[in-house]
Amino acid sequence: MKILFFGTPRFAEIVLQQLLHSHHTVVGVVCQSDKPAGRGNKMKSPHIVQMAKENNLPVFQFERLSEHIDNFKQIDCQLGVTASYGKYIPKALLDILPIVNVHPSMLPKYRGGTPIQSALLNGDEVTGVTIMKTNVGMDDGDIYVQQKLEILPEDDYVSMIEKTASLGAKLLLETLDKIENNTATLTPQDETQATKVKLIKKEDGLLDFSASAAKLVNKVRAFSESPVAYFFVGGERIKVHKAKLATDFENEEALLGKAGAIIPNKKRFLIQAGCGVFEILKCQGEGGKVLDASAFLNGHHFKAMVVDA
RNA sequence: CGCGAGGUAGAGCAGCUCGGAAGCUCGCCGGGCUCAUAACCCGGAGGUCACAGGUUCAAAUCCUGUCCUCGCAA
């Protein structure tokens, strides 16, 4: 089939990659427009543009899709595929082009823009991927197929993007074949089970050490890569890229410290949480690179210090 | 020209305000203590202090330019 692809971030890239390797023909990539980003506020294209160009695919970066319906009418394609496009698809477009969506959760659970982060934040051990029909509502279209996927303790946002996108691509290709053969079936979502997830804000990444260490670890996992969980010590902001629950910690004296106390240790970066001990494995100080905890501690000597409230 | 931080031994940092013998923590090598150790003690190697100019009797330190890294904001 001739397919028009809608998607912007890493998740979309993985799905697109698989689509390009299939027998279907991708006729173009629709993604968000260039934006000033980073130091110097230079204009930057989404990374997926690079992939599209390498494959000689036309790229469409429209600020408002609804203003370009005529453009879409001229594109020779039978089906649209959305994968983390990042914006609503207007009804006018859905009227002229059937669209299939890849969503990294077991819908109707976790509708919205942050399904993977939400699953990690909640400490879920299982999530999934759903292939469904895109319609005007928020991830509420009828379902073609869905499959569960295990979340391992060492998984974080980055690894789950890879896993869900790979599975999503596989399910998508199977679904496309069925649509092509007219054997696809649709199942409505159970509205009574629907949950919606909120967008993540940078300030949500602040670690509150009165919470349990397990919850803090989940936050670090959910916020990995971007925007990254953080806290302050002595006025310095420290970003936590990787952490774990220190289950092997046996020093009971140290455990008497209050939440947020940094437990003295030469090689391990341990912080007392409201319940349990939080161990930082990779972190980043101000103006510095991401470091292993042991390297970071070599230059930062925290004596009896407590995390800023 | 959006705002800001930084480049000093293999790693992470201090020193710079106020120019005057290159330091700390870790790693590495060797030795000692130990049943033993990621513990402890002794010794050792390893740096054109990012690069290029300038000021000075003297520059990691002050001035100018260049390159690179990172954070914030959007």
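Reading guide: rules and limits
- The residue count restarts for each chain, going from 1 along the sequence in the order it is written.
- As they are written, the chains are lettered A onward and the ligands numbered 1 onward, keeping that order.
- This being a predicted model, a pLDDT of at least 70 is required before a residue's local features are given, and a value of 80 or more before pairs of side-chain atoms are given or counted; all residues contribute to the totals for chains, interfaces and linings.
- Computation of side-chain values covers all heavy atoms of the structure but excludes hydrogens and water.
- Whether a residue is near a molecule or strand is decided by its heavy atoms; if any one of them lies within 4 Å of it, the residue is near.
- Two N or O atoms count as a polar contact when they lie within 3.5 Å, although within protein this holds only if one can serve as hydrogen donor and the other as acceptor, and sequence-adjacent residues are included solely when both atoms are side-chain atoms.
- Secondary structure is summarised from DSSP: a helix means a run of H or I of at least four residues, a strand means a run of E of at least two, and numbering begins at the N terminus for each.
- Residues are grouped as follows: nonpolar covers Ala, Val, Leu, Ile, Met, Phe, Trp, Tyr, Cys and Pro; charged covers Asp, Glu, Lys and Arg; every other residue, Gly included, is treated as polar.
- Think of it in three bands: with a 1.4 Å probe and only protein chains considered, a residue is buried below 20% of the maximum accessible area for its type, exposed above 50%, and partly exposed in between.
- Directions drawn from the helix axis to the C-beta atoms are what define this arc.
- The contact criterion used throughout is that any non-hydrogen atoms of two residues lie within 4.5 Å.
- Working definition of a nonpolar core: buried Ala, Val, Leu, Ile, Met, Phe, Trp, Tyr and Cys residues. They are joined through side-chain atoms within 4.5 Å.
- For every domain, the bounds stem from an assignment made automatically or drawn from a database.
- Axis definition: a line fit to C-alpha positions, over the contact stretch in the case of helices; interaxial angles, taken between N-to-C directions, run 0 to 180 degrees.
- In what follows, roughly perpendicular refers to angles from 65 to 115 degrees, roughly parallel to angles under 35, roughly antiparallel to angles over 145, and oblique to any angle outside these ranges.
- What makes a crossing left-handed is the near helix being turned counterclockwise from the far one by less than a right angle; a clockwise turn instead makes it right-handed.
- The pairing test for Phe, Tyr and Trp rings, Trp by its six-membered ring, is centres within 6.5 Å, and the orientation test on the planes gives stacked under 30 degrees, edge-to-face over 60, and tilted for anything in between.
- Any Lys NZ or Arg CZ found within 6 Å of a ring centre and within 35 degrees of that ring's normal is scored as a charge over the ring.
- Buried area is understood as the total, over both parts, of accessible area removed when two parts are fitted together, assessed with a 1.4 Å probe.

A short note on the protein's contact with RNA strand B
Argument step 1. In the region of RNA strand B, 20 residues are neighbours, and Arg39, Lys202, Lys266, Lys289 and Asn298 sit closest.
Argument step 2. Protein-adjacent atoms of RNA strand B, using a 4 Å cutoff, are sugar or phosphate at a proportion of 59%.
Argument step 3. With respect to RNA strand B, the backbone of Gly40 contributes an N or O atom lying 3.0 Å from a phosphate oxygen.
Argument step 4. At 2.9 Å from a base nitrogen of RNA strand B is found a main-chain nitrogen or oxygen belonging to Asn298.
Argument step 5. Within the residue set of the surface near RNA strand B, elements represented by two or more residues are β3 (35-37) and α9 (293-299).
Argument step 6. Of the residues forming the surface near RNA strand B, the biggest block, four residues, is contributed by α9.
Argument step 7. Residues that form the surface near RNA strand B fall into these classes: five nonpolar, nine polar and six charged.

A closer look at helix α2 (residues 47-54)
Argument step 1. Taken as a whole, α2 has its buried residues at Ile48, Val49, Met51 and Ala52. Taken around the axis of α2, the buried residues stretch over an arc of 160°, which confines them to a single face. Summarising the geometry of α2, the exposed residues directed more than 90 degrees from the buried face are His47, Lys53 and Glu54.
Argument step 2. Buried residues belonging to α2 abut β1 (2-6), α1 (10-20), β2 (25-30) and β5 (59-60).
Argument step 3. Once α2 ends, the next one or two residues include Asn56, with phi positive near 55°.

Notes on the nonpolar core
Nonpolar side chains in soluble globular proteins tend to end up buried together.
Argument step 1. Phe5, Leu172, Leu207, Phe231, Phe269, Ile271 and Phe278 are the most contacted members of the largest nonpolar core, which totals 67 residues.
Argument step 2. Broken down by element, this core gets its largest block of residues, nine residues, from helix α6 (residues 157-181).
Argument step 3. Shared between two domains, this core takes at least three residues from each, and those domains are domain 1 (2-193) and domain 2 (202-298).
Argument step 4. Apart from residues no more than four positions distant in its own chain, Phe231 is found in contact with Leu206, Leu207, Phe209, Glu236, Arg237, Ile238, Val240, Phe269, Ile271, Ile280 and Val307.

Here we look at the packing of α1 against α6
Argument step 1. It is the contact of α1 with α6, at a shortest axis distance of 9 Å, that shows an interaxial angle of 40°. It follows from the interaxial angle that α1 and α6 lie oblique. Taken as a pair, α1 and α6 cross one another with a handedness that is right-handed. Of the residues in α6, those in contact with Arg10, Phe11, Ile14, Val15, Gln18 and Leu19 of α1 are Ile161, Glu162, Thr164, Ala165, Ser166, Ala169, Leu172, Leu173 and Leu176.
Argument step 2. The residue makeup of the contact of α1 with α6, split by class, is ten nonpolar, three polar and two charged.

Topic: the packing of aromatic side chains
Argument step 1. Under the defined criterion, the tally for this structure stands at ten aromatic pairs.
Argument step 2. Measuring from centroid to centroid gives 6.0 Å for Phe6 and Phe72, while their planes differ by 25°, and the two rings are stacked. Residue Phe6 is found in strand β1, and its partner Phe72 is found in helix α3 (residues 69-73); the two are separated by 66 residues along the sequence. Exposure class is identical for Phe6 and Phe72. Each is buried.
Argument step 3. Grouping aromatic residues by their ring pairs yields a cluster made of Phe6, Phe60, Phe62, Phe72 and Tyr85.
Argument step 4. Taking the ring centre of Tyr230 as reference, the NZ or CZ of Arg237 above it sits at 4.2 Å.

Regarding the domain arrangement of chain A
Reports often express the size of an interface as the amount of accessible area lost when the parts come together.
Argument step 1. When the domains of chain A are assigned, the result is domain 1 (2-193) and domain 2 (202-298).
Argument step 2. Each of domain 1 and domain 2 has a C-alpha centre, and the two are 34 Å apart.
Argument step 3. Counting residues at the interface gives twelve residues for domain 1 and eight residues for domain 2.
Argument step 4. Taken together, the two surfaces of domain 1 and domain 2 that pack against each other cover about 750 Å², and 57% of this comes from carbon and sulfur.
Argument step 5. Of all the secondary structure elements, the ones that give two or more residues to the side of domain 1 that touches domain 2 are α5 (115-121) and α6.
Argument step 6. Of all the elements, α5 adds the most residues to the side of domain 1 that touches domain 2, at three residues.
Argument step 7. When the residues that make up the side of domain 1 that touches domain 2 are grouped by side-chain class, the tally is seven nonpolar, three polar and two charged.

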